[in-house]
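Next come the chains, spelled out residue by residue.
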Amino acid sequence: MKSINSVEKAGRNYGIQMGITMGVVYPIFLFSAIAIIKRNPEAWWVPLLALIPMIPILFGLGAILRFFDRMDELQRRIQLTALAIAAGGVSIVTMTYGFLEWLADFPQLDIGWTFPILCIFWVGGLFFAQRKYA
Amino acid sequence: MKNRLHILRAERRWSQAKLAEELGVSRQTINAIETEKYDPSLPLAFKLARLFEQSIEEIFEYEEKTTDKMTG
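Residues numbered from 1 in each chain as written. Chains lettered and ligands numbered in written order. Predicted model: local features only at pLDDT ≥ 70, side-chain atom pairs only at ≥ 80, totals over all residues. Heavy atoms only, no water.

1. Concerning the packing of helix α2 (residues 16-23) of chain B against helix α3 (residues 27-34) of chain B
Residue and element names in this part refer to chain B. As a packed pair, α2 and α3 sit with axes 8 Å apart at the nearest point and diverge in direction by 110°. With respect to their mutual orientation, α2 and α3 come out roughly perpendicular. From α2, Q16, A17, L19, A20 and L23 reach across to α3, where they touch R27, I30, N31 and E34. Here the residues of the contact of α2 with α3 are counted per class, giving five nonpolar, two polar and two charged. (Axes fitted to C-alpha atoms, helices over the stretch in contact; angles between N-to-C directions. Helix = DSSP H or I, 4+ residues; strand = E, 2+ residues; numbered from the N terminus. Parallel < 35°, antiparallel > 145°, perpendicular 65-115°, else oblique. Contact = heavy atoms within 4.5 Å. Nonpolar A, V, L, I, M, F, W, Y, C, P; charged D, E, K, R; others polar.)

2. Focus on the nonpolar core
Counting residues in each nonpolar core, the largest one holds 22 residues, and the members touching the most others are B:L19, B:L23, B:L48, B:F52 and B:F60. Counting only elements with at least two residues in this core, the list comes to α4 (73-104) and α5 (114-133) of chain A together with α1 (5-11), α2, α3, α4 (42-51) and α5 (56-59) of chain B. With four residues, α4(B) is the largest single contributor of residues to this core. The contacts of B:L19, once residues within four sequence positions are left out, are B:L5, B:R9, B:W14, B:I30, B:L48, B:L51 and B:F52. Listed in part, the ten residues of the second largest apolar core include A:Y14, A:A63, A:F67 and A:F68. (Core = buried A, V, L, I, M, F, W, Y, C linked by side-chain atoms within 4.5 Å. Buried < 20%, exposed > 50% of the residue type's maximum accessible area, 1.4 Å probe, protein only.)

3. As for the environment of A:A43
Residues and elements named next belong to chain A. Summarising the element assignment, A43 is placed in the loop between α1 (6-39) and α2 (46-50). Assessed through its relative accessible area of 21%, A43 is described here as partly exposed. Sequence separation between A43 and I57 is 14 residues; the distance between their C-alpha atoms is 24 Å.

4. Focus on empty space enclosed by the protein
All names here are of chain A. This model, assessed by the stated rule, comprises one cavity of 30 Å³ or more. Its boundaries defined by the atoms lining it, the largest cavity holds a volume of some 50 Å³. At the level of elements, α1 and α3 (54-70) are the ones that each hand at least two residues to the lining of the largest cavity. In terms of residue class, the lining of the largest cavity is built from four nonpolar, two polar and two charged. (1 Å grid on protein atoms, 1.4 Å probe; cavity = no way out; pocket = protein on both sides within 12 Å on 5 of 7 lines; lining within 4 Å. Points joined across faces, edges and corners; volume = space filled by probe spheres on them.)

5. Description of the confidence of the model for chain B
In this model, chain B carries a mean pLDDT of 90, and residues with pLDDT of at least 70 account for 89%. In the model output, the complex is listed with pTM 0.80 alongside ipTM 0.84. (pLDDT = per-residue confidence, 0-100.)

6. Notes on the pattern of salt bridges
One pass over the full model with this rule turns up four salt bridges over all chains. A salt bridge links A:E8 to B:R27, with the nearest nitrogen and oxygen atoms 3.1 Å apart. Of this pair, A:E8 sits in helix α1 while B:R27 sits in helix α3, placing the two residues on different chains. Judged by its relative accessible area of 23%, B:R27 is partly exposed. For B:E22, the salt bridge identified is with B:K18, shortest N-O distance 2.8 Å. Of this pair, B:E22 and B:K18 both sit in helix α2, separated by four residues, roughly a single helical turn. Its relative accessible area of 33% is what places B:K18 among the partly exposed residues. (Salt bridge = Lys/Arg side-chain N within 4 Å of Asp/Glu carboxyl O.)

7. Some remarks on unusual backbone geometry
All names here are of chain B. Its identity is not glycine, yet R13 carries a phi of approximately 55°, on the positive side. The residue R13 is located in the loop between α1 and α2 in this model. When its relative accessible area of 78% is taken as the criterion, R13 is described as exposed. The phi torsion at E36 lies on the positive side, around 60°, for a residue other than glycine. Residue placement: E36 occurs in the loop between α3 and α4. Of the residues examined, E36 reaches a relative accessible area of 38% and is grouped as partly exposed.

8. Overview of the interface of chain B and chain A
The interface of chain B with chain A comprises 14 residues on the first partner and 16 residues on the second. Roughly 1,300 Å² of surface becomes buried between chain B and chain A when both sides are summed, with 44% attributable to carbon and sulfur atoms. Looking at the side of chain B facing chain A, the largest losses of area belong to B:R27, B:Q28 and B:Y38, adding up to 43% of the total buried there. Across the chain B-chain A interface, the total number found is one salt bridge. Among the elements of the structure, α2 and α3 of chain B are those that each provide at least two residues to the side of chain B that touches chain A. When residues in the side of chain B that touches chain A are grouped by element, the largest group, four residues, is from α3(B). Partitioning the side of chain B that touches chain A into residue classes produces six nonpolar, five polar and three charged. (Buried area = accessible area lost by both parts, 1.4 Å probe.)

Below, the structure written as structure tokens:
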């Protein structure tokens, strides 16, 4: 069995934490909130319940920040490159569609799409940045 | 940046994983430095120099780029 050091262990823990938080807890919270709100659409607590999926997202953000604190300098450079690519990608997509909405009467899209688009570009950016140092 | 890291590591019969552990970085970082795809920060270069008991200049060889010459 290969031994792993603290930096690599932090990366593995981050993967596990994010996998559980966003792959398991987030869908449970999201679909539970949707199901409950559909049955009680007029209840006063609907806005509060609508924010329940934000709890695992905040945990995910915490895991990202802890991972950034524990990674080494090359990993940090790779992540920052990926984030720069993600920020650029999201800006281009949102601005492009924004102009289509505004000037060409395209249907309005939910602002909630921004985060998934960011994640897609982040993963793509990571793939691109990792290749440089592989 | 050219470096003698793989030679120094081989002299001690250390794996990349062992060196990474000594320095508190990932194996990917050691591999990227050895293959000259990544130049380490000054603190990491000092750590390497102290670990191998050599000066930074004995481990790393700085090659001036054309753009450096033009702007320098």
